[in-house]
Amino acid sequence: MIETLTNPVVVTFLLTIAGVGIVLELFSAKFGIAGLIGIFALLIFFYGHFQAGLAGFGTLLLFVSGILLIFLEFFLPGAIAGTLGVAALILSLFLAGQNALQMGVSILIAIAVSIFIFFLMIKTFGKKLVLFNKMILTETARKEDGYVSNINRTDLLGLEGHALTILRPAGTIVINNERVDAVSEGDFIEKNTKVKVIKVEGARIVVREVH
């Protein structure tokens, strides 16, 4: 059994199952069956290599640390824990392997299949990365929901009022008992001077002194 579990073909198969399981978990809000199957495949891999004397306790500790860091990624913001977890996991695989080149080929095949499944989930099945939603702002401020980038006060165009403060050139004016932030056309306008709105550019109200 140990000879079978350390066979390069079986190793590649186990690592591919583990990679696909991790990829499928990226599309799940919670840790589920795919992730458990992936971890189980890795456990079988390390069991065989440990029994064969290829993996020591240090390698197993590195493997467990990698799994824990990946698991913590589901609860912590950012991608630091997940990145460190994957790095620790891959390093533990190399340390457990009898032949580094052979192990590298197995890992590359597993990664290639995992990437294929990843794009298949997105392009063919239209799945979204639920795991990373917490790191990405997906909500939009829509006008239909009452959000506006700035208030367009075209209703003030042509109205007259007076300067509540000195406009240097920015200041405050009063129109129909409403305080409005405004800017003069260029010159300073003294306080209490009569003004008229001559231009509205979004939230920018341009006024001119009325003589």
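Structure: above.
Conventions and cut-offs
Residues numbered from 1 in each chain as written. Predicted model: local features only at pLDDT ≥ 70, side-chain atom pairs only at ≥ 80, totals over all residues. Heavy atoms only, no water. Helix = DSSP H or I, 4+ residues; strand = E, 2+ residues; numbered from the N terminus. Buried < 20%, exposed > 50% of the residue type's maximum accessible area, 1.4 Å probe, protein only. Areas by Shrake-Rupley, 256 points an atom, 1.4 Å probe, with all protein chains shown as cover. Expected span 1.5 Å × (residues − 1). Contact = heavy atoms within 4.5 Å. Polar contact = N/O pair within 3.5 Å; in protein donor to acceptor, adjacent residues only side chain to side chain. Arc of directions from axis to C-beta.

**Q** Provide a residue-level description of the overall build of the chain, including the pertinent values.
**A** When its secondary structure is counted, the chain shows six helices and five strands. Counting only residues that meet the buried cut, the chain has 35% of its 211 residues in that class. Just so you have it, the chain exposes about 13200 Å², and 64% of that area is on carbon and sulfur atoms.

**Q** Go over helix 4 (residues 57-72) with me, naming the residues and quoting the values.
**A** Along its 16 residues, helix 4 runs 22 Å from first to last C-alpha, staying within 8% of the 22 Å computed at 1.5 Å per residue. In this structure, the buried side of helix 4 is in contact with helix 3 (33-51) and helix 5 (80-96).

**Q** Would you mind going over the side chain of H49 in detail, with residue names and values included?
**A** With respect to the element layout, H49 can be found in helix 3. Given a relative accessible area of 2%, H49 falls into the buried group. A distance of 2.8 Å separates a polar atom in the side chain of H49 from the backbone oxygen of F45. Excluding anything up to four places from it in sequence, H49 contacts L5, T6, V11, L54, A55, A96, G97 and M103.

**Q** Go over helix 5, please, and point to the residues and values.
**A** Spanning 17 residues, helix 5 covers 24 Å between terminal C-alpha atoms, matching the ideal 24 Å at 1.5 Å per step. Every buried residue of helix 5 is accounted for by A81, G82, G85, A88, L89, S92, L93 and A96. End-on view of helix 5: buried residues confined to an arc of 140 degrees, all on one side of the axis. Every exposed residue of helix 5 that faces more than 90 degrees away from the buried side is listed here: I80 and T83.

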